[in-house]
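For reference, the chains in residue letters:
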Amino acid sequence: MSRKLAMATAVTAAGLLMVTAGCSGAGSTGGSSGGSDDNTITALMVGNPQMEDIQKLTADNFTKQTGITVKFTILPENELRDKVTQDVANQGGQYDVATVGAYEVPIWAKNGWLHEVSTQAQADSAYDVNDLIKPMVSSLSGEDGKMYAAPFYGESSFLMYNKELFDAKGLKMPEKPTWAQVADFAAKLDDKSKGVSGICLRGLPGWGELFAPLTTVVNTYGGTWFEKDWTPKVDSPEFKEATNFYVNLLKQHGQPGAPQSGFTECLNTFGQGKAAMWYDATSAAGTLEDPNASKVAGKVGYAYAPVNKTEYSGWLWTWAWAMPKTTKKADNAWKFISWATSKDYEKLVGEKLGWSRVPSGKRTSTYSIPEYKESAKAFADVTLGSIEHADPTNPGVQPRPALGVQFVGIPEFADLGTKVSQEVSASIAGSTTVDKALADGQKQAEDVAKKYK
């Protein structure tokens with residue numbers, strides 16, 4: 001699969017168009033890469049638990065070892081995407097390193113906006129670049145085959161469920177459930193009188209929020225954003241069926257405030273024992289198994305992403321550290337990136353914060369660490385299996401024109417996916433219908449398709 005992924009990355013990147021950037025955003029609290037202190041770098045990152053952990057560990061470890069101070073700016077996912085895109089696309093030069101994902105890297109590498117990091121990674125034998133999981137490397141590579149970001153952690157998606165609630169109802173979760181089974185479980189486990197929802201799902205607008213899980217549902221229901229010849233299929237029967245299923249499941253058995261719930265909100269809801277199931281990123285498991293952060297630690301079961309017409313349906317993603325071309329501190333930026341994505345950093349997290357919190361899914365060797373294997377035994381195998389079975393070249397039932405499981409690997413998808421997500425989220429809130437949301441989305445997709453047909 002890694003060979004197919006690498007080829008698809010090259011083919012997709014070769015056809016990408018340059019993103020047209022909007023106006024520059026407001027200044028960050030993180031400072032500027034052009035500052036007078038040569039031993040200070042600025043880092044912009046998404047506000048996920050793994051990033052909060054690195055902020056805690058940097059001063060006493062990386063800074064103490066290297067003398068390099070890191071000034072962090074942490075933002076929610078949607079805000080992070082806007083801020084980093086504005087800065088990188090506009091050549092703002094505000095940040096020396098930033099967390100970006102598998103969607104952005106091939107596009108931005110093609111545009112010449114990122115430093116390649118393969119040269120530094122391969123030159124450092126202690127870094128052991130060959131230990132990085134190949135699908136992650138391929139997803140972060142440009143058409144020249146070089147890496148333009150280093151994976152901080154890798155993930156697919158799976159179904160998490162509260163074993164105590166299932167046992168109390170005499171229910172058993174299959175290893176590979178269908179969405180019909182999940183809906184049935186949600187109906188049986190929904191208990192509003194006790195403040196427990198049958199399931200938690202993202203409803204927050206954003207191509208990387210709501211449409212990350214929803215596009216995997218569309219894929220396995222037989223739908224797609226575009227056919228191989230770029231024919232838009234947003235209002236197709238399959239896309240409608242999947243979206244109606246998702247929206248109705250949330251309306252009937254989802255968490256309160258679903259239209260405002262993203263990854264972070266669902267992590268809190270499920271971690272507090274207020275939902276019987278949660279379909280989302282495999283990277284959530286480390287936090288859920290930490291008794292200091294979760295009330296359901298030791299009580300969670302993990303199953304493969306639910307399916308309908310496909311054998312597997314999990315997404316493929318990595319949050320990775322990249323250096324914008326505008327940084328004037330590339331050497332220090334690479335020192336930070338190499339530390340943050342190293343074997344030693346994983347051991348540091350394990351020893352200081354707990355082995356379940358290791359930012360995994362990026363290195364093969366992680367799954368051989370005895371302490372990690374013991375701590376992650378509930379979810380490690382399903383996580384790795386989900387990553388290995390995620391196929392961005394063929395995630396559904398028909399050929400695709402661009403790389404991506406939960407996204408379409410073209411610059412225009414961020415805007416398209418976000419606009420359609422806003423209307424789908426409104427349908428969850430009851431202020432519009434799925435049919436209207438997807439009819440409008442079809443028109444927007446048709447405008448995008450004109451550029452590629």
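Everything numeric here is computed off the predicted structure, so don't read it as measured data.

Participant: Help me get a handle on the sheet that holds strand β2 (residues 69–75), residues and values and all.
Facilitator: One open sheet accounts for five strands, arranged β2-β1-β3-β8-β4; its pairing is mixed. Both outer strands of the open sheet, β2 and β4 (150–155), are each paired with one neighbouring strand and no more. Neighbour to neighbour, the strand axes of the sheet diverge by 20 degrees on average, direction disregarded. Pairing geometry for strand β3 (residues 97–101) and strand β8 (residues 317–322), over four bridges, is antiparallel.

Participant: Now, about the packing of aromatic side chains: what can you tell me, with residues and values included?
Facilitator: Applying the stated criterion across every chain yields a total of 36 aromatic pairs. Judged by centre distance (6.0 Å) and plane angle (55 degrees), the ring pair of Phe152 and Tyr153 falls under tilted. Its relative accessible area of 2% is what places Tyr153 among the buried residues. Note on Tyr367 and Tyr372: the rings are 5.8 Å apart at their centroids and 90 degrees apart in plane angle, and the pair reads as edge-to-face. A single burial state applies to Tyr367 and to Tyr372, both of which are buried. Through pairs of rings, three or more aromatic residues link up here, namely Tyr103, Trp207, Phe211, Trp225, Phe239, Trp317, Trp319, Phe407 and Phe413.

Participant: I'd love a proper account of the confidence of the model for the protein, names of residues and values included.
Facilitator: Segments scoring low in pLDDT should not have their predicted coordinates read at a detailed level. Of the residues in the protein, 92% reach a pLDDT of 70 or more, and the chain-wide mean stands at 92. Contacts for the low-pLDDT stretch residues 1–36, under 50 throughout, to residues beyond four places or in other chains number 87 contacts.

Participant: Break down the pairing of β4 for me, with residues and values.
Facilitator: With six of its six residues buried, β4 lies for the most part within the structure. In this structure, β4 lies alongside β8, joined through five bridges in antiparallel fashion. Residue Glu155 lies in a different strand from β8, and its bridge partner there is Trp317.

Participant: Before we move on, can you summarise empty space enclosed by the protein with the specific residues and values?
Facilitator: In total, this model carries five cavities of 30 Å³ or more according to the counting rule given. Of the pockets and cavities examined, the largest cavity occupies roughly 140 Å³. Taken together, 16 residues line the largest cavity, and the ones lying closest to its centre are Glu77, Glu155, Arg202, Gly208 and Trp317. Among the secondary structure elements, those contributing two or more residues to the lining of the largest cavity are α3 (77–89), β4 and β8. Lining of the second largest cavity is provided by Thr215, Thr224, Trp225, Phe226, Arg400, Pro401, Ala402, Gly404, Val405, Phe407 and Val408. Residue composition of the lining of the second largest cavity, grouped by class: seven nonpolar, three polar and one charged.

Participant: Would you mind going over the side chain of Thr383 in detail, with residue names and values included?
Facilitator: Looking at the element boundaries, Thr383 is found in helix α16 (residues 380–389). Residue Thr383 is classed as buried on the basis of its relative accessible area, which comes to 4%. Not counting the four nearest positions on each side in its chain, Thr383 is found in contact with Phe158, Thr282 and Tyr367.

Participant: Mind laying out the sheet that holds strand β6 (residues 277–281), listing which residues take part and the relevant values?
Facilitator: Across the sheet, three strands lie side by side as β6-β5-β7; this open sheet has antiparallel pairing. Since the sheet does not close on itself, it has two edges, and those belong to β6 and β7 (300–304), each with one partner. Across this sheet, the average inter-strand angle for adjacent strands is 30 degrees, counted without regard to direction. In the sheet, strand β5 (residues 157–162) pairs with β7 via five bridges, with the strands oriented antiparallel. Residue pairing across strands places Leu159 opposite Ala303, the latter belonging to β7. Along the sheet, α16 contacts β5 and β7; its crossing angle with β7, the most-contacted strand, is approximately 20 degrees.

Participant: Tell me about the nonpolar core, residues and numbers included.
Facilitator: Ile54, Trp179, Trp225, Met277, Trp278, Trp321 and Phe336 are the most contacted members of the largest nonpolar core, which totals 144 residues. Look past the residues within four positions of Phe336 in its chain and what remains in contact with it is Ile41, Ile54, Thr58, Phe62, Val70, Phe72, Val97 and Trp321.

Participant: Go over helix α2 (residues 49–66), please, and point to the residues and values.
Facilitator: Think of an α-helix as 3.6 residues a turn; residues three or four steps apart then line up on the same face. Its 18 residues give α2 an end-to-end C-alpha distance of 24 Å, which sits within 8% of 26 Å, the value for a rise of 1.5 Å per residue. Thr58 marks where α2 bends most, by close to 65 degrees. Within α2 the residues assigned to the buried category are Pro49, Gln50, Met51, Asp53, Ile54, Leu57, Thr58, Asn61 and Phe62.

Participant: Lay out unusual backbone geometry in plain terms, naming residues and giving numbers.
Facilitator: Its identity is not glycine, yet Gln91 carries a phi of approximately 55 degrees, on the positive side. As for its position among the elements, Gln91 is in the loop between α3 and β3. Judged by relative accessible area, Gln91 falls into the partly exposed class, the value being 40%. For Trp230, which is not glycine, the phi torsion reads 75 degrees and is therefore positive. Examined against the element boundaries, Trp230 turns out to sit in the loop between α9 (211–220) and α10 (237–253).

Participant: Describe in detail the pattern of salt bridges, supporting the description with residues and values.
Facilitator: Inspection of the entire model under this criterion finds 20 salt bridges. Ionic pairing is found between Lys188 and Asp184, a salt bridge with its closest N-O pair at 3.1 Å. Within this pair, Lys188 and its partner Asp184 are both found in helix α8 (residues 179–189), separated by four residues, close to a single helical turn. A network of salt bridges, in which partner residues are shared, links Asp53, Lys56, Asp290 and Arg357.

Participant: Residues and numbers for α8, please.
Facilitator: Of the positions making up α8, those classed as buried are Trp179, Val182, Phe185, Ala186 and Leu189. Along the long axis of α8, the arc covered by the buried residues comes to 115 degrees, so they all point the same way. Those residues of α8 that are buried are in contact with β5, α7 (163–168), α9, α10 and β6.

Participant: Could you give me a rundown of the pairing of β5, with the residues and numbers involved?
Facilitator: Burial runs high along β5: six of the six residues are buried. Residue alternation in β5 divides its side chains into two sets, Ser157, Leu159 and Tyr161 and Phe158, Met160 and Asn162, and both sets are buried. Strand direction decides the pairing type here: β5 and β6, joined by five bridges, are antiparallel. Directly across from Leu159, in β6, lies its bridge partner Tyr279.

Reading the values: rules and limits
Residues numbered from 1 in each chain as written. Predicted model: local features only at pLDDT ≥ 70, side-chain atom pairs only at ≥ 80, totals over all residues. Heavy atoms only, no water. Pairing = 2+ DSSP bridges. Helix = DSSP H or I, 4+ residues; strand = E, 2+ residues; numbered from the N terminus. Axes fitted to C-alpha atoms, helices over the stretch in contact; angles between N-to-C directions. Phe/Tyr/Trp six-rings, centres within 6.5 Å; stacked < 30°, edge-to-face > 60°. Buried < 20%, exposed > 50% of the residue type's maximum accessible area, 1.4 Å probe, protein only. pLDDT = per-residue confidence, 0-100. Contact = heavy atoms within 4.5 Å. 1 Å grid on protein atoms, 1.4 Å probe; cavity = no way out; pocket = protein on both sides within 12 Å on 5 of 7 lines; lining within 4 Å. Points joined across faces, edges and corners; volume = space filled by probe spheres on them. Nonpolar A, V, L, I, M, F, W, Y, C, P; charged D, E, K, R; others polar. Core = buried A, V, L, I, M, F, W, Y, C linked by side-chain atoms within 4.5 Å. Expected span 1.5 Å × (residues − 1). Bend = angle between axes of the 7 residues up to and from the residue. Salt bridge = Lys/Arg side-chain N within 4 Å of Asp/Glu carboxyl O. Arc of directions from axis to C-beta.

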